Structures are given as C-alpha cells and as structure tokens.
Amino acid sequence: MHSRASLALALGMMAVSGYAVIAAWAWPWKASLFPLAIGVPVFVLSAAEAAWVVLGTTEKSEVQDVQIAQDVPERVALGRTASAAAWIAGFFAAIVLVGFPAAVPLFVFLYLKLEGRERWVFSAVFTAVIWACFYGLFDRLLHLPFPQGWLAAWLGF
Amino acid sequence: MIEALFEGLFLVLQWKPLAFMALGILLGFWVGLLPGLGGATTLALMLPFVYAMQPVEAFAFLLGMHAVAATTGDITSVLFGVPGEAASAATILDGHAMAKKGEAGRALGAALASSLIGAIVGAFALAIAIPIVRPLVLTFGSPELFMLAIVGIAFIASLSAPGPRGMLRGFLAGGLGLLCATIGQDPQAGIARYTFDMLYLWQGLDLVAVLVGIFAIPEIIDLAIRRSSIAGSLPAGRISKGAFEGVKDTFRHFWLTIRCSLIGTFIGIMPGMGGTVAQWMAYGHATQSARSAEERKGFGAGDVRGVLGPGAANNSKEGGSLIPTIAFGVPGSTAMAILLGGFFLLGLVPGPDMLTKHLPVTFSMVWTIVIANVVTVLACFLLLDHLAKLTTVRGTLLIPAILVLVFIGSYTSNNHYGDILVTLLFGGIGYLMVIGGWPRAPFVLGLVLGKIAENYLYISVARYEAAWLTRPVVLILFVIALAVIAYPFLQRRKAAHA
C-alpha cells in the first residue's frame with residue numbers, strides 16, 4: 001500500500017507538473033517564469049520517485065509525519081477507508097442537494113445508526129445536540145449564508 | 001516611558017475594559033476552537049460593535065478576542081488533528097501524534113504554556129521595539145522579504161525525513177506546494193494561471209480549505225479504520241495527568257521556546273509574511289534542535305518540541321505584527337488590516353501619535369495581550385481534564401461531529417461549495433501522502449511561501465534589476481538559507497562519525 005500510494009502520487013505529480021509546464025509555455029515570461037522554475041524540477045524529481053518505486057526499492061522510508069493505523073490488516077483497512085470515503089462523499093452530496101441545515105442532522109443520524117450502530121434514542125439526542133449547536137451558532141448568531149440546496153431549489157421551496 | 005507603561009496597565013485594569021476583554025476572550029476562545037472561523041473573520045464581524053466604545057475598551061475587546069484565538073486553535077489541533085486556525089496547523093504533526101499515544105494532557109499543557117511564553121515575548125517585543133522599530137522595518141525592502149521567504153522554503157530540508165529518499169519526497173512535497181501557490185491570477189501580467197475558466201480559482205486556493213483537508217481528512221480516515229477512540233485503548237486517567245509535565249517540558253526546553261517566540265515575533269513584524277509562515281519556520285527550527293538522527297525520527301511521531309515551537313511562535317507573532325500596524329499603519333496580516341480599520345473607527349491615526357500622544361493606549365494593547373493570554377491559559381488548565389478526555393470518546397461519535405466541523409469550517413472560508421471540493425481533493429492528497437510516507441509539512445511551507453516569494457521577487461527585479469542581489473541583508477539571509485539547508489546534512493554526517 002505504501003509503495004502504491006507513493007507511485008500514485010509520483011505519477012500524479014508528473015502529470016500535474018507536466019501540464020503546468022506546457023500551459024505556462026504560452027504565457028508572457030512574467031507569468032510563466034515561476035511556474036516553469038518550479039514545474040520542471042518537480043517533473044524530474046517525481047519521475048525519479050516513480051522510477052525508484054518501479055525499479056523495486058519499496059522499503060518504507062522514515063517520515064516525520066503521522067502514520068495511519070498500521071496495526072489493522074491491509075484488506076480490512078482498505079475496506080474501512082472506502083467506507084469512510086463513501087460517507088464523506090455522501091455528506092458532501094447531501095449538502096449540495098438539500099443544503100447544510102438538512103444535511104447536517106441527516107448525516108449525523110445516519111452515521112450514528114448505520115456505522116456506529118448506536119441506539120435510536122441516543123442517535124436522536126446526539127443528532128439534536130449537534131444540530132442545535134450548528135443552528136444556534138452558525139445560523140442564528142453568525143447569520144452565515146447557507147444555500148438551500150439544489151433539490152430544495154428545484155422543488156421550489 | 002515607564003510612566004506610560006503603568007498608565008497603560010491601569011487603563012486596562014478598569015472594570016469596563018476588563019469586562020470587554022472578558023467578553024472578547026470568551027468569543028476568541030470558541031472562535032479558536034472552531035475550524036474555519038478564523039480570528040480575522042471574527043474581528044471583521046465584531047468591528048461594528050466598537051463604535052460606541054472608548055479606545056482602551058475597544059482594543060481590550062478586539063485584541064483580547066484575537067490574542068486567544070491562536071491559543072485555543074492549538075487545542076483542536078492537538079485533540080482532533082483538525083486545525084482550529086490556519087496558523088495552528090503545525091501543532092497537529094506532533095501534538096495530535098502525542099494525543100494518539102495517550103499524551104493529550106501533556107501536549108495541551110506544552111501548547112498552552114509555550115503559547116503563554118510566546119505571547120509574553122511578543123508583547124515584550126512590542127513594548128521595547130517602539131523606539132527601534134523604524135530602522136528595522138525600513139531595512140527590509142522587497143529583496144530582503146524575498147530572501148526571508150527563501151529562508152522559510154529552505155526549512156523544507158529540515159522538515160524532510162533523513163536519507164536521499166526522504167529528502168526527495170520532502171522537496172517533491174514542497175514543490176507541489178509551490179506549484180499550488182501559482183494557481184490564480186498572476187499579479188504581474190494579470191494572466192489567470194491554472195484556473196480552468198473558473199472564477200472561484202482566480203484568487204488562488206484558499207489556505208483554510210487546503211489545510212483542513214490535508215490534515216483533517218487523513219485523521220478522520222485513520223479514526224474510521226481503527227474504530228476506536230483517538231487515544232485507542234489507553235485508560236482515561238493517564239491521558240489528562242500529563243498537563244503539568246507539558247508545562248515542565250516548556251521550561252525544560254526553555255531556550256527553544258524563547259527562540260521560536262523570537263522567530264514568531266520577527267515574522268510578525270515583517271509586513272506581508274503572515275502568521276502561518278511563523279509556525280512552520282518555528283517547527284523547522286524545532287526539528288533542528290534534535291541532537292541526533294535518532295532524536296529527529298521522533299518529530300512527527302509525538303516529540304513535545306514539535307508542539308512547543310509552533311505554540312510559542314503562533315502567539316508571539318501577535319505582538320510582532322502589532323508593531324508595524326501601530327508605528328506605521330502598515331498591517332502585517334489580514335487580522336491587523338482589520339484592526340487598522342478599528343483605529344480609524346475610533347478616531348486614532350497609527351503612526352508617531354501612537355508612540356507619543358497615545359502611548360498609554362499603545363501600552364494598554366501590550367497589557368491586553370499579556371492579560372488575555374494569562375486568563376485563557378489559566379481557564380484552559382481548569383478545563384484540561386475534560387478536554388483531554390475527549391480523546392477517549394469513541395470514534396463513531398467523534399467522526400460525524402468532526403466532519404460537520406470540517407465541512408462548515410471549509411465552506412465558511414468563502415461561502416462557496418468550491419472550498420469543500422478543495423478540502424476533499426487535498427484530503428485525498430493528504431491521505432496518499434501519509435500512506436506513501438511523504439511529509440506534509442514541506443507542502444504547506446511551499447504553499448504559504450510560494451506566492452510571497454514570487455511577488456517579492458518580481459518587485460525586487462522590477463525595482464532594482466540584478467543589483468538587489470548585492471544588498472548586505474540579502475547576502476546575510478542567503479547565507480542563513482544555505483546554513484538551514486546544510487544543517488540536517490551536517491548533523492547526519494556528525495552522527496555517522498560519532
């Protein structure tokens with residue numbers, strides 16, 4: 001997983017820096033100098049990293065950063081990662097479709113019930129507390145403009 | 001001057017300024033805890049309320065609020081791995097790693113104690129800098145500010161893992177950050193770079209949205225994979241007990257805390273550098289304090305020095321950034337630009353008058369920073385047991401609450417869905433970086449400093465052509481940048497020979 005992620009990043013950065021260099025070529029020098037000065041070395045370095053992975057040097061390098069759950073089997077970790085990603089994407093979709101005020105309680109309640117397997121009453125109370133904090137602070141106190149969501153707009157609410 | 005210093009203290013200690021300061025502290029406390037809602041946003045929201053206040057009351061309210069937001073921002077960073085403020089993201093690397101090891105109390109104790117020392121150093125710098133600030137600030141033109149950004153970028157070498165592979169990944173991460181900094185309208189030629197015809201991208205990537213994504217999303221996924229609390233199966237009693245140990249750590253590494261406070265103050269003084277830079281430079285300096293390669297490995301895995309450095313710099317920068325704001329009316333950051341608006345609302349003109357006629361008001365600001373931080377840190381210590389116990393709450397309860405905060409925090413940056421998409425995109429990149437063993441700190445350093453470096457480089461070339469390269473301070477900073485890059489290599493070589 002470690003080397004696959006590194007290869008994905010290196011290839012992604014090759015693509016991004018390659019595009020950055022090609023796009024910058026068409027601009028006046030004032031606008032293109034900085035992207036070119038960074039893009040070219042990044043392309044070369046990411047190609048070196050990709051080659052490093054592909055040529056078989058897959059040992060884990062030390063890193064000054066946090067490590068994600070290493071004591072969980074890889075297959076289980078992948079499954080749970082996919083599930084977490086789906087919940088995150090689902091929450092975003094809900095926000096776009098029904099807006100923050102409805103998506104927040106919907107997501108919290110469903111997550112507690114389906115993923116957390118919490119009891120009905122506990123899930124309802126916890127959801128109500130989160131929603132009250134959200135509504136009281138962001139909507140009532142700070143008057144932040146939360147759009148109503150595409151679905152609500154389409155239905156004419 | 002001494003008379004004005006005490007007059008400033010007495011002005012703040014009257015009941016009305018104290019009451020407004022308490023209100024400001026209360027607001028700043030919560031603003032700091034909530035991701036996305038930055039101190040600058042809240043300053044802007046609260047600015048209309050100062051119309052009816054006296055200057056001392058208004059600054060006690062505004063500065064009290066702003067000064068504590070940086071302190072409490074560290075709490076969210078340590079406990080949940082979500083940056084409460086953009087300027088408290090660096091605390092995550094070691095602070096949250098300590099929380100995962102069951103040392104949340106110690107990390108919070110260290111963050112709070114170093115924040116307090118940082119705030120005092122920043123306030124002290126503000127007090128003593130008043131007579132000498134003018135020549136210092138005027139020494140730094142665009143060439144020097146460009147070189148200062150280069151010194152910051154040079155810290156990538158210290159923030160990367162040892163060995164050629166670690167360095168390669170560190171520089172790649174830094175390069176990605178620098179590339180991302182070029183997104184948006186180019187300030188020189190007006191070209192929209194990498195915006196894909198989207199108006200949203202014209203102003204570039206929003207720092208809060210990127211930081212929340214790159215740090216918070218991997219932590220949420222980690223929590224979802226482990227299916228336990230942040231501190232795992234560690235007993236709750238142990239977690240909250242280390243707070244005093246964290247305070248002792250601050251004094252154990254006292255000179256590191258002072259040095260990082262001075263870095264924060266200095267970056268704060270420099271107009272246009274911004275507070276986010278200070279914490280990462282301080283973190284880079286903290287990693288250099290490791291005496292051996294073995295010690296360096298501890299950074300990112302929960303070394304308390306990684307908490308002390310950013311914690312101190314984060315708070316000392318406030319005093320520093322007030323210096324050019326008060327003395328010249330040149331704001332050092334967005335928050336200071338808003339505070340400058342407060343000056344005009346109150347009928348005060350920044351400049352010589354603030355250093356002569358209104359000197360007691362200026363000193364009242366110094367005292368406000370100190371008192372507000374002392375009050376906040378004491379209040380936080382009283383709450384520390386409860387705060388640290390949050391790391392024992394099961395993940396299935398924390399994940400929805402944190403995700404709501406992450407999405408709202410990201411969205412409120414610009415009130416645009418694009419911010420959430422940016423958060424998700426960089427959340428994915430952050431996850432791959434953690435899984436792949438790439439350091440995230442160099443990326444943030446590149447992103448923060450890229451735009452600053454590019455702007456100052458063009459101004460320097462346009463104004464001085466190649467002559468800027470021979471300016472004495474530029475040469476000194478160039479040597480410092482080389483030393484910063486060479487230091488980890490020299491350290492490793494020394495360790496190999498030992």
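About the criteria used
- Residues numbered from 1 in each chain as written.
- Chains lettered and ligands numbered in written order.
- Predicted model: local features only at pLDDT ≥ 70, side-chain atom pairs only at ≥ 80, totals over all residues.
- Helix = DSSP H or I, 4+ residues; strand = E, 2+ residues; numbered from the N terminus.
- Buried ≥ 20, exposed ≤ 12 C-beta atoms within 10 Å, placed from the backbone.
- Contact = placed C-beta atoms within 7 Å.
- Nonpolar A, V, L, I, M, F, W, Y, C, P; charged D, E, K, R; others polar.
- pLDDT = per-residue confidence, 0-100.
- Axes fitted to C-alpha atoms, helices over the stretch in contact; angles between N-to-C directions.
- Parallel < 35°, antiparallel > 145°, perpendicular 65-115°, else oblique.
- Left-handed = near helix turned anticlockwise from the far one by under 90°.
- Core = buried A, V, L, I, M, F, W, Y, C linked by C-beta atoms within 7 Å.
- Domains from an automatic or database assignment.

Undergrad: If you had to explain the overall build of chain B to someone new, which residues and values would you point to?
TA: The helix and strand tally for chain B stands at 24 helices and two strands. The principal-axis extents of the C-alpha atoms in chain B amount to approximately 60 × 60 × 55 Å. Per-residue burial for chain B yields a buried fraction of 64% across its 498 residues.

Undergrad: Go over the interface of chain B and chain A, please, and point to the residues and values.
TA: With 61 residues of chain B in contact, the opposing surface of chain A contributes 60 residues. In terms of residue count, the dominant contributor to the side of chain B that touches chain A is helix α10 (residues 163-181) of chain B (eleven residues). Residues that form the side of chain B that touches chain A fall into these classes: 39 nonpolar, 13 polar and nine charged.

Undergrad: An account of the environment of B:Ala107 is requested, with residue identities and associated values reported.
TA: Residue and element names in this part refer to chain B. Residue position: Ala107 is located in helix α6 (residues 104-129). Looking at Ala107, the number of C-beta atoms within 10 Å reads 36, which means it is buried. Separated by 205 residues in the primary sequence, Ala107 and Ala312 have C-alpha atoms spaced 13 Å apart. With sequence-adjacent residues up to four places away left out, Ala107 is seen in contact with Val78, Gly95, Met98, Ala99, Gly246 and Val307.

Undergrad: Give a detailed account of the confidence of the model for chain A, specifying residues and quantitative values.
TA: The predicted model of chain A has a mean per-residue pLDDT of 86, with 89% of residues at 70 or higher. No element of chain A has a lower mean pLDDT than helix α6 (residues 150-155) of chain A, at 82, and none a higher one than helix α4 (residues 100-115) of chain A, at 94.

Undergrad: So, the packing of helix α2 (residues 15-33) of chain B against helix α4 (residues 55-80) of chain B: which residues are in play, and what are the values?
TA: Residue and element names in this part refer to chain B. Direction vectors running N to C along α2 and α4 enclose 30°, while the axes themselves pass 6 Å from each other. It follows that α2 is roughly parallel to α4 by the angle criterion. As α2 packs across α4, the resulting crossing turns out to be right-handed. For the contact of α2 with α4, the per-class residue count stands at 19 nonpolar, nine polar and two charged.

Undergrad: Give me unusual backbone geometry: which residues, what numbers.
TA: All names here are of chain B. Although it is not a glycine, Asn415 adopts a positive phi angle of roughly 55°. As for its placement among the helices and strands, Asn415 is situated in the loop between α21 (395-411) and α22 (417-436). Despite not being glycine, Glu465 has its phi angle at roughly 55°, a positive value. Relative to the assigned elements, Glu465 resides in the loop between α23 (441-464) and α24 (472-497). With 9 C-beta atoms counted inside 10 Å, the residue Glu465 sits in the exposed group.

Undergrad: Please provide a residue-by-residue account of the packing of helix α14 (residues 254-269) of chain B against helix α17 (residues 305-328) of chain B, values included.
TA: Residues and elements named next belong to chain B. The contact between α14 and α17 brings their axes to 6 Å, and the two run at 35°. In this structure, α14 meets α17 at a crossing whose hand is right-handed. For the contact of α14 with α17, the class distribution of residues is eleven nonpolar, eleven polar and three charged.

Undergrad: Summarise the environment of B:Leu207; cite the residues concerned and give the values.
TA: Residue and element names in this part refer to chain B. The residue Leu207 is located in helix α11 (residues 207-226) in this model. Note on Leu207: 21 C-beta atoms within 10 Å, which makes it buried. As for Leu207 and Val448, which are separated by 241 residues in sequence, their C-alpha atoms are 7.8 Å apart. If we ignore the near neighbours within four places in the chain, the residues touching Leu207 are Ala86 and Thr276.

Undergrad: How would you summarise the nonpolar core if you had to cite specific residues and measurements?
TA: Residues B:Leu108, B:Ala149, B:Leu211, B:Ile220, B:Trp280 and B:Leu445 are the most contacted members of the largest nonpolar core, which totals 206 residues. Counting residues per element, this core draws most heavily on α6(B), which supplies 17 residues. Composition of this core by domain shows at least three residues from each of domain 1 (2-54) and domain 2 (82-155) of chain A. Once you skip the residues sitting within four places of it in the chain, B:Leu445 turns out to touch B:Gly152, B:Ile153, B:Phe155, B:Ile156, B:Leu159, B:Gly174, B:Gly177 and B:Trp280.

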